[in-house]
Amino acid sequence: MLVLEDVHTHYGKIEALHGVSVEVKKGEIVSLIGANGAGKTTLLMTVCGNPQASSGRVILNGRDITRDPTANIMRSGIAIVPEGRRIFSGLTVEENLHMGGFFNTKAEIRKSQDHAYELFPRLKEREHQRAGTMSGGEQQMLAIGRALMSKPNMIILDEPSLGLAPLVIKQIFEIIGHLRDEGITVFLVEQNAHQALNLADRGYVLETGKIRLQDTGKNLLANPEVQNAYLGG
Amino acid sequence: MAAHNFKHALFCAFITLLISYPILGFNLEAQGINITITGADTTTILGVLLAAVVVFLFQLFRDQIMGRVGDLTSLTAGKHKEPMAENRRAKIESWVLTGIVILALFWPFFMSRGAVDLATLVLIYIMLALGLNVVVGLAGLLDLGYVAFYAVGAYTFALLSQYLGVSFWFALPIGALLAATFGLVLGFPVLRLRGDYLAIVTLGFGEIIRILLNNWTNLTGGPNGIGGIPDPTLFGMEFGRRVKEEGNTSFHETFGIAYSGEHKVIFLYLIALVLAVFTALVIRRFMRMPVGRAWEALREDEIAARSLGLSRTAVKLSAFTIGAFFAGFAGTVFASKQGFISPESFVFLESAIILAIVVLGGMGSQIGVVLAAIAVTILPELAREFSEYRMLIFGAAMVLMMVWRPQGLMPMRRIHIELKKQE
Ligand SMILES: Nc1ncnc2c1ncn2[C@@H]1O[C@H](COP(=O)(O)OP(=O)(O)O)[C@@H](O)[C@H]1O
Ligand SMILES: [Mg+2]
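Residues numbered from 1 in each chain as written. Chains lettered and ligands numbered in written order. Predicted model: local features only at pLDDT ≥ 70, side-chain atom pairs only at ≥ 80, totals over all residues. Heavy atoms only, no water.

J.: What am I meant to see in the interface of chain B and chain A here?
T.: Interface size is commonly expressed as the accessible surface area that is lost when the partners come together. Taken together, the contact pairs 26 residues of chain B with 26 residues of chain A. Both sides of the chain B and chain A interface together cover about 2,400 Å² of buried area, and 56% of this is carbon and sulfur. Counting across the interface, chain B meets chain A through one salt bridge. The interface formed by chain B and chain A includes four residue pairs in polar contact (both at pLDDT 80 or more). Breaking the side of chain B that touches chain A down by element, the ones donating at least two residues are helix H12 (290-300) and helix H13 (302-307) of chain B. Per-element accounting of the side of chain B that touches chain A gives the leading share, seven residues, to H12(B). Grouping the constituent residues of the side of chain B that touches chain A by class yields 12 nonpolar, five polar and nine charged. (Contact = heavy atoms within 4.5 Å. Buried area = accessible area lost by both parts, 1.4 Å probe. Salt bridge = Lys/Arg side-chain N within 4 Å of Asp/Glu carboxyl O. Polar contact = N/O pair within 3.5 Å; in protein donor to acceptor, adjacent residues only side chain to side chain. Helix = DSSP H or I, 4+ residues; strand = E, 2+ residues; numbered from the N terminus. Nonpolar A, V, L, I, M, F, W, Y, C, P; charged D, E, K, R; others polar.)

Okay, structure coming up:
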């Protein structure tokens, strides 16, 4: 579904990704783990075309999107929950959700909105509250809900557990599992290696802009190298 | 702590002296072709010293003073009031606006000619501020060259009437569309820039247009400007004492009333009122449409907005173009009201005043913009003796606003909401 082939990405003259190849197949949950500054966010943003890859190819559903403008990519069945949630804090919860379905019809928006409230009853309670006044966990739920509003086949999440309480993290990961059961392909980027790999069908380990390891989630969890570096021994 | 305050206060007092003494303490006098410097009289020097002392004392006790001010803020901001529902607030706002418009329709018939003329100017500023509000308040693009589009509108009408004899009603949409085109063409390269850079480039653009108008003497008459711009007509009826154009009739003869110069002033006022209402309604409509929400989203968080598939360029350009369109509108009305325009009317100060109206009004809210436009245009007229200090009063008002109501007179959204109790 999503394929990255030998992708190099630069910020100015500095190369942040040194030839990364990743594949996410339809219906999978694929987790990418790596330390701070490894290039995880860069990799996701390259998929979105901001910044664009300087060489290599990004292929979505068999189509080369390496040089497509961000706006077009984000309208072709893929949605991202960006790092740090980035909800519209001045808008209400409902308005945030509606922004997510910007290019859909009113009827579709209503349906997706009901669905988002089903997944996150908490959001329904806070429908008319301004998003910026909610807790971190609720904001993360909103960010996921908003991404789902465009009815994507694939959702990309950038460190959804960042800065959340363990109980909330558990909830978020349950929802991610649930999304796969609904048929949505999930590409999950995390520093929280244990839970991310536990949930994943397959996983990648990114180290300073290069894929270091790749395997099934279970095997990576059992891998002594991974255990030492990412699971605290 | 106290020692630090003392040092800081001393420093501020020194800066006050340093800035005001050279400006106020010397007089330049022209004697023939020579200019001589003379010292100012003692009262000025005493005044400067007094100012330094006031600054010193204020800075010394700043914490206490600002503490008091903070208390005041909580009173005025109505912190303890229940927040009003968004839609209820919107409803009240439309009622108030409708009321204002109905009042505004009738009062010129009871007012002096000067007052109506001034009110027309207020309406022009309202149009300008409503337009700039789209760009700055809603889309969050700091445009310091907005006056350029105003100039395009005004000059379009002036030139069209001078060279082709085009009437006001024809020139109105043409001026607005041309201004919008300028907005579109200019916005394209400029809108990639962010924040400060955008502000500087738009500032430069505003100056370029003014300088162009000033120097393209063949076409625009340069600093001499263009005169004899016709008044609007009402279904072919002119408001002058004698009919200027063939085929037209005159208003007072048609209705068999005595000629009065006031008819024209009131008519222009009513046109400006109708156009200002039109501007407000159209922009309101835009705000409710998806494009309005896109402006807001992009202002709030550009990365998030783009991640949802919004095109940054398209969204920003739409705001820029619509803002320019209404500036062109206002420009046409202005040219017709003045009958004469020159580049003098389109200096940076105008951009600054319009921006001040938007900021004072509370970015994004229409009632706020209307109130601020009235205040900013009328107050200097009421205090004519102080007209030299206009900019000073203006600056002071801005600083006070930033202290008391940084969100503006009527912020678009509630800044503050009661959290529901956690279960
Ligand atoms: N906008 C940027 N400009 C320049 N360098 C950047 C930018 N964003 C990230 N980087 C650099 O790219 C590398 C990877 O960063 P990032 O993708 O954010 O890592 P991660 O998400 O894994 O923490 C880091 O060295 C970081 O400093
Ligand atoms: Mg990151």
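Right, picking up where we left off after that structure.
J.: What is the right way to look at the site of ligand 1 in this model?
T.: Residue and element names in this part refer to chain A. Every residue close to ligand 1 is listed here: Tyr11, Ala16, Ala35, Asn36, Gly37, Ala38, Gly39, Lys40, Thr41 and Thr42. Here an oxygen atom of ligand 1 and a backbone polar atom of Ala38 are 3.2 Å apart. Lys40 places a main-chain nitrogen or oxygen 2.8 Å from an oxygen atom of ligand 1. Burial of ligand 1 by the surrounding chains reaches 56%, relative to a free accessible area of 560 Å². Of all the elements, helix H1 (residues 40-47) adds the most residues to the shell around ligand 1, at three residues. A per-class count over the shell around ligand 1 returns four nonpolar, five polar and one charged. (Near = heavy atom within 4 Å. Areas by Shrake-Rupley, 256 points an atom, 1.4 Å probe, with all protein chains shown as cover.)

J.: Where do I start with the nonpolar core in this structure?
T.: One recurring pattern in soluble globular proteins: nonpolar side chains tend to sit buried together. Counting residues in hydrophobic clusters, the biggest one holds 104 residues, and the most contacted among them are B:Leu128, B:Ile341, B:Phe346 and B:Ile357. With 16 residues, helix H5 (residues 113-138) of chain B is the single largest residue contributor to this core. In this structure, B:Ile357 is in contact with B:Tyr125, B:Ala129, B:Val369, B:Ala372, B:Ala373 and B:Val376, ignoring residues within four places of it in sequence. With 46 residues, the next largest nonpolar core counts A:Ile109, A:Ile176, A:Leu188 and A:Leu220 among its residues. (Core = buried A, V, L, I, M, F, W, Y, C linked by side-chain atoms within 4.5 Å. Buried < 20%, exposed > 50% of the residue type's maximum accessible area, 1.4 Å probe, protein only.)

J.: I keep staring at the coordination of the magnesium ion (ligand 2) and nothing clicks. Help me out?
T.: Coordination angles at a metal have ideal targets, namely 109.5 degrees for four tetrahedral donors and 90 or 180 degrees for six octahedral donors. At this site the magnesium ion (ligand 2) is bound by A:Thr41 (OG1) and A:Glu83 (OE), with donor distances of 2.0 to 2.7 Å. Of this pair, A:Thr41 sits in helix H1 while A:Glu83 sits in the loop between strand S6 (78-81) and helix H3 (93-100), placing them 42 residues apart in sequence. (Donors = N, O, S within 2.8 Å, 3.2 Å for Na, K, Ca; no water.)

J.: I'm lost on a positive patch on the surface in this one. Help?
T.: A cluster of like positive charges, contributed by A:Lys106, A:Arg110, B:Arg285 and B:Arg288, occupies part of the molecular surface. Within the residue set of the positive patch, elements represented by two or more residues are helix H4 (106-119) of chain A together with helix H11 (261-288) of chain B. Among the secondary structure elements, B:Arg285 is positioned in helix H11. The exposed category is assigned to B:Arg285, whose relative accessible area is 53%. (Patch = residues over 30% accessible without salt bridge, like charges linked within 9 Å, V, L, I, M, F, W, Y side chains within 5 Å. Lys, Arg positive; Asp, Glu negative; His and termini not counted. Charge placed at Lys NZ, Arg CZ, Asp CG, Glu CD.)

J.: Sorry if this is basic, but what is going on with the side chain of A:Glu94 here?
T.: Counting through the fold element by element, A:Glu94 comes out in helix H3. With no salt bridge to any partner, buried A:Glu94 finds its closest opposite charge in A:Lys124, at an N-O distance of 7.2 Å.

J.: Teacher, can you tell me more about the packing of aromatic side chains here?
T.: We describe a pair of aromatic rings using the distance from one ring centre to the other and the angle between the two ring planes. Residue and element names in this part refer to chain B. In total, this model carries 17 aromatic pairs over all chains according to the counting rule given. Measuring from centroid to centroid gives 6.3 Å for Tyr146 and Phe149, while their planes differ by 75°, and the two rings are edge-to-face. As far as the burial class goes, Tyr146 and Phe149 line up, both buried. With centroids separated by 5.8 Å and ring planes inclined at 20°, the aromatic side chains of Phe278 and Phe329 adopt a geometry described as stacked. Of this pair, Phe278 sits in helix H11 while Phe329 sits in helix H14 (residues 312-338); the two residues are 51 residues apart in sequence, bridging distant segments of the chain. Owing to a relative accessible area of 40%, Phe278 belongs among the partly exposed residues under this scheme. By relative accessible area, Phe329 is classed as buried at 6%. (Phe/Tyr/Trp six-rings, centres within 6.5 Å; stacked < 30°, edge-to-face > 60°.)

J.: Help me out: how do you make sense of the environment of B:Arg299 in this one?
T.: All names here are of chain B. Mapped onto the fold, Arg299 is located in helix H12. The class of Arg299 is partly exposed, set by a relative accessible area of 31%. In sequence terms Arg299 and Arg68 are 231 residues apart; their C-alpha atoms lie 34 Å from each other. Dropping the residues within four chain positions of it, Arg299 is found in contact with Gly137, Leu138, Ala139 and Gly140. Here Gly137 takes part through its backbone oxygen, which lies 2.5 Å from a polar atom of the side chain of Arg299.

J.: Explain H5(B) to me, please; I cannot follow it from the model alone.
T.: Residues lying three or four places apart along an α-helix face the same way, a consequence of the helix completing one turn every 3.6 residues. All names here are of chain B. With 26 residues, H5 should cover 38 Å at 1.5 Å per step; its first-to-last C-alpha distance of 36 Å lies within 8% of that length. In the structure, H5 departs most strongly from a straight axis at Leu132, where the bend amounts to approximately 35°. Burial analysis of H5 places 21 of its 26 residues in the buried class, which makes it a mostly covered element. (Expected span 1.5 Å × (residues − 1). Bend = angle between axes of the 7 residues up to and from the residue.)

J.: Would you take a moment to explain the domain arrangement of chain B for this structure?
T.: Assigned domains within chain B: domain 1 (2-64) and domain 2 (90-404). Relative to domain 2 of chain B, the C-alpha centre of domain 1 of chain B lies at a distance of 39 Å. (Domains from an automatic or database assignment.)

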